[in-house]
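Architecture at a glance
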Amino acid sequence: MSNNDAIREVALNSRAQALSYLGQENWGRAFAHLTLCLKLEQSWQEELQEQLSDCLCSWGKQLEEESRYKDLLHCYQQALEIYPNNHEVLNNLGAHLFRMGHLEEAKSFFEKALAIKKDFLPAAHNMENLTSTLVERWHFRMLNDSIRNESYREAILKKIRQGFSKVLDIGTGTSLLSLYAVQGGAKRVFACECSAAMIEIAKEVILDNNVESKIELLQKMSTDLSIPADIPSRVSLVVTETLDAGVFGENVLQTLIDAWDRLLLPQSRNLVSPRAGSRNGIVVPFGVKIYAAGVQCAAISRMNTLEPSVWDALGLGLEGTRLAAAQNEAYNSEKLEYVAGGYTFITSPVAVLEVNFNDPQDLQKHLAGEHDKKMEVSCCDAGQIDAFVSWFVLQVDEDLKLSSEPGKKSCWEQAVFALSVPLELQSGQTVNIAVSSSHGLLKIQPDSQELTPEIMLTECVAIEMLNDSTWTRSMQMVANSFKGKAGLKVLDLSPFPYLGLLLLKMGVCDKLRCSGRCMSLARKVAGDNCDLDDFNKADKLDCFDLIILYPCTPEGELDQETILYVSQLRKRLSPQGVMLPKCLSIIGQIWNSDWLESVSQLQTDEHVSGFKIASHVNKYKLKRHLDLRLQSTPHAVLSEPKEIFSVKLCEHLTEEPAKSELPLISTGKVTAVAHWFQFDYGQGVEFQTNQIDSYPRQAAVLLEDNMTVHEGQKLKIESCLQAGVVNIKVSL
């Protein structure tokens, strides 16, 4: 046998082994044999390209789940040696790097994928997600807040006139505060920023505004700056806006303590002295006062607790159980006026903490918890406290104040400290709360609230899904349609396997496998004698009589991973097996929403005092807005809702675009296509995810350029599914 014949025989054997392992879903061995045979027999590369890409996608997912990052990168390196221009491999590697936190590297691979195939939706989708991470959407809210911007401008110009003319801008972002300092006549301006993306934007902004000789950009955290390596000597004015909804979340205490210790001139005893700036230091803003109140809010409650009466109606046993969310964060943030269903103050607002940014000792005491306190607050109304919320009044300088109070026009959200167990109170009653800024983290909670035996801690996703009354009623109807059957093997990949558990409790199902999420709660519901386990640990050759999916994300978009997995799951159905839902549709509606624009891009340079910023930061503007609630998002409706896309999960998923027309019922400006889902389970069981308590929120696609339309016209919608991603295009 010649050497060439021997090589070909090895290649053929390796190819056969690869196909065998692919059938067994042994992705690692399949990938090893595929790469070997492709290196030995290069003529097969075009034929086997898709198989290698799909195999690596599954194998890469497994390696990432096992934290085998070195092996993951090595496998992608092998694949790219064979297929250097495979857009799918490049995109998938970028997605891994994105999840691993290597943002710039991820960006380069998405760009390479799009350069090879510019209309490749998964890469475009990933690039959008990446850009919204590089430049978070709160930047746009902040830049569009002209009241905030003008207050900072006035304060900075005033301090420079008073002699505080050597400036350090901490967390410069787009460099807006530095531009104000230059406008005020500052002698030297240093601007530090740790984000590489924001540094690039700031460079462009500084050049476009012709101040490159007056602002020195430093890509560092302020805590990493040193004198004289980065700045020649101490500065007299620090300007910053490193505040989140809970004030301290961006480490403003630690940042300013360090600045006073190493970077600022000694504090000034007189903050308004026109002669102080030459020898003393000062911080703008001057300080902050934090307020709090207890609120009743059904939307917040639905995310954090499940009432015993709701649980008992679910038919899962364990009567009297109350579910409470296991809190991973001290607080969430919400714009309360945009919370669906609204809110009510149950306690009167009260000032809880006050911080002086120009007193280093006060900053140290807050960080050390020396200002932590317990206090009594009074109820101004009878009701249920679902959460304590906080907001702040920012003392920008000696005269100017900004407020993030609910209802005020402000870029800031409020901090929400949800309660595991709501408090029922009467008007005039008092409640004791504990307030802390220790370790630079704001905490507000009832002074003592113990979990009783009937309270079960679980993941937020289970609580939110089980509070979705439309979904739970629909699942009960589906379960009832299986009455009289027995011995079914069921795979429920919903985030919480409610339908699978119902079938288990009814005796219809004798074997249930689920996604692995919420397993502790699922096991308690199932009991000790039921065959319940994590699907990831199941035999890869198991077949199921019923497979249940939840193919959308809580943020309101198609779940790409689930859609991509459907073809593999079909192979796991028994001969008469069923996959639910049978059909998934997207319902679209035409909107005019200035609010969506304001949180997705800088609308005009007039909002930033006329400086040229919009053209630079809007390179990162949002094209999709997730996590909306129709009921509370400011908008005007320009069309009735209509199905714009549908997919039957048991059939081959086509990439053929779906075309539809939406008749316009009003004249106006089209800014977005809002959309949500319709699930069809057959036998008349279907529902839409546009209810006030729907587990998935709604989403919107923003138009690249707004268009003016008139009542009676028809808007053309083209929707296309590609590799689990839906793209929506709009035209007249």
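So, a few notes on the structure that sits alongside this text. A quick note: this is a predicted structure, and the numbers were derived from the prediction, not measured.

Some remarks on a nonpolar patch on the surface
- Nonpolar side chains collect at one region of the surface, where Ile7, Val10, Leu36 and Leu40 lie side by side and expose about 270 Å² of accessible area between them.
- Considering the arrangement of structural elements, one finds Leu40 in helix α2 (residues 27–40).
- According to the relative accessible area criterion, Leu40 is partly exposed, its value standing at 31%.

Here we look at the packing of aromatic side chains
- Applying the stated criterion across every chain yields a total of 14 aromatic pairs.
- Here the aromatic rings of Phe679 and Phe687 are separated by 5.0 Å at their centres, their planes lie at 5 degrees, and the arrangement is stacked. Judged on exposure class, the residue Phe679 and its partner Phe687 are both buried.
- Between Tyr681 and Phe687, the ring centres sit 6.1 Å apart and the planes meet at 15 degrees, which makes this aromatic pair stacked. Of the two residues, Tyr681 and Phe687, both sit in the buried class.
- Three or more aromatic residues joined by ring pairs form one cluster here, namely Trp471, Tyr498, Tyr550, Phe679, Tyr681, Phe687 and Tyr695.
- For the cation-ring pair, Lys61 lies above Tyr565, with the distance from its terminal atom to the ring centre recorded as 5.5 Å.

Focus on the pairing of strand β1 (residues 166–170)
- For β1, the tally of buried residues reaches five of five residues, placing the bulk of the element in the interior.
- By the alternation rule, side chains of β1 split into Lys166, Leu168 and Ile170 and Val167 and Asp169, which are all buried.
- In this structure, β1 lies alongside strand β2 (residues 188–192), joined through five bridges in parallel fashion. Following the sheet pairing, Asp169 is matched in β2 by Ala191.
- In the classification by handedness, the crossover that spans β1, the intervening helix α10 (residues 176–183) and the parallel β2 is right-handed.

What counts and how
- Residues numbered from 1 in each chain as written.
- Predicted model: local features only at pLDDT ≥ 70, side-chain atom pairs only at ≥ 80, totals over all residues.
- Heavy atoms only, no water.
- Patch = residues over 30% accessible without salt bridge, like charges linked within 9 Å, V, L, I, M, F, W, Y side chains within 5 Å.
- Areas by Shrake-Rupley, 256 points an atom, 1.4 Å probe, with all protein chains shown as cover.
- Salt bridge = Lys/Arg side-chain N within 4 Å of Asp/Glu carboxyl O.
- Helix = DSSP H or I, 4+ residues; strand = E, 2+ residues; numbered from the N terminus.
- Buried < 20%, exposed > 50% of the residue type's maximum accessible area, 1.4 Å probe, protein only.
- Phe/Tyr/Trp six-rings, centres within 6.5 Å; stacked < 30°, edge-to-face > 60°.
- Lys NZ or Arg CZ within 6 Å of the ring centre and 35° of its normal.
- Pairing = 2+ DSSP bridges.
- Right-handed = clockwise from strand over helix to strand, strands pointing away.

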